[in-house]
Amino acid sequence: MPLPCQIEHSLTCPYCGETISLLLDLTNGPQDLIEDCSVCCKPIELSLEIDDEYWQLEAKTDSQ
């Protein structure tokens, strides 16, 4: 089954530990993104990997 164009994804902020919601656009292929946490406002570096049927989101912090 093909991937949807957009998907809402919950992520735990690596800084404050709160769960935040992100809207991911899967039509642009693999991406490196920076999203600010909606709770603590710190930038979260994200890596989105996509293939034909699966996607994976990885969050990185300055300490990684």
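Scroll up to find the structure.
Peer 1: Explain the side chain of S47 to me, please; I cannot follow it from the model alone.
Peer 2: Assignment of secondary structure puts S47 in strand β4 (residues 43-50). A relative accessible area of 10% places S47 in the buried class. Polar side-chain contacts of S47 include one of 3.5 Å to the side chain of E49. Once you skip the residues sitting within four places of it in the chain, S47 turns out to touch Q31, D32, Q56, L57, E58 and K60.

Peer 1: What is the right way to look at the nonpolar core in this model?
Peer 2: Nonpolar side chains tend to gather and get buried jointly when the protein is soluble and globular. Residues L11, C13, I20, L22, L24, L26, C37, I44, L46, L48, I50 and L57 constitute the largest nonpolar core, which totals 12 residues. Those elements that place two or more of their residues in this core are β2 (19-25) and β4. In terms of residue count, the dominant contributor to this core is β4 (four residues). I20 has contacts with H9, S10, L11, C37, S38, V39 and I44, leaving out every residue within four places of it along the chain.

Peer 1: Help me out: how do you make sense of a negative patch on the surface in this one?
Peer 2: A surface patch of like charges, here negative, comprises D32, E45, E49 and E58. Following the sequence through the fold, D32 ends up in strand β3 (residues 31-36).

Peer 1: Would you mind showing me how to read the pairing of β4 here?
Peer 2: Residues in a regular strand project their side chains so that they alternate between the two faces of the sheet. The pairing of β3 with β4 spans six bridges and is classified as antiparallel. Bridging from a neighbouring strand, L33 pairs with L46 of β4. In this antiparallel pair of consecutive strands, β3 and β4, the connection spans six residues, and C41 shows a positive phi of 70°. By the bridge criterion, six bridges tie β4 to strand β5 (residues 55-60) in an arrangement that is antiparallel. Within β5, the residue paired with L46 across the bridge is A59. Counting the residues that bridge the hairpin from β4 to β5 gives four residues.

Cut-offs and rules
- Residues numbered from 1 in each chain as written.
- Predicted model: local features only at pLDDT ≥ 70, side-chain atom pairs only at ≥ 80, totals over all residues.
- Heavy atoms only, no water.
- Helix = DSSP H or I, 4+ residues; strand = E, 2+ residues; numbered from the N terminus.
- Buried < 20%, exposed > 50% of the residue type's maximum accessible area, 1.4 Å probe, protein only.
- Polar contact = N/O pair within 3.5 Å; in protein donor to acceptor, adjacent residues only side chain to side chain.
- Contact = heavy atoms within 4.5 Å.
- Core = buried A, V, L, I, M, F, W, Y, C linked by side-chain atoms within 4.5 Å.
- Patch = residues over 30% accessible without salt bridge, like charges linked within 9 Å, V, L, I, M, F, W, Y side chains within 5 Å.
- Areas by Shrake-Rupley, 256 points an atom, 1.4 Å probe, with all protein chains shown as cover.
- Salt bridge = Lys/Arg side-chain N within 4 Å of Asp/Glu carboxyl O.
- Lys, Arg positive; Asp, Glu negative; His and termini not counted.
- Charge placed at Lys NZ, Arg CZ, Asp CG, Glu CD.
- Pairing = 2+ DSSP bridges.

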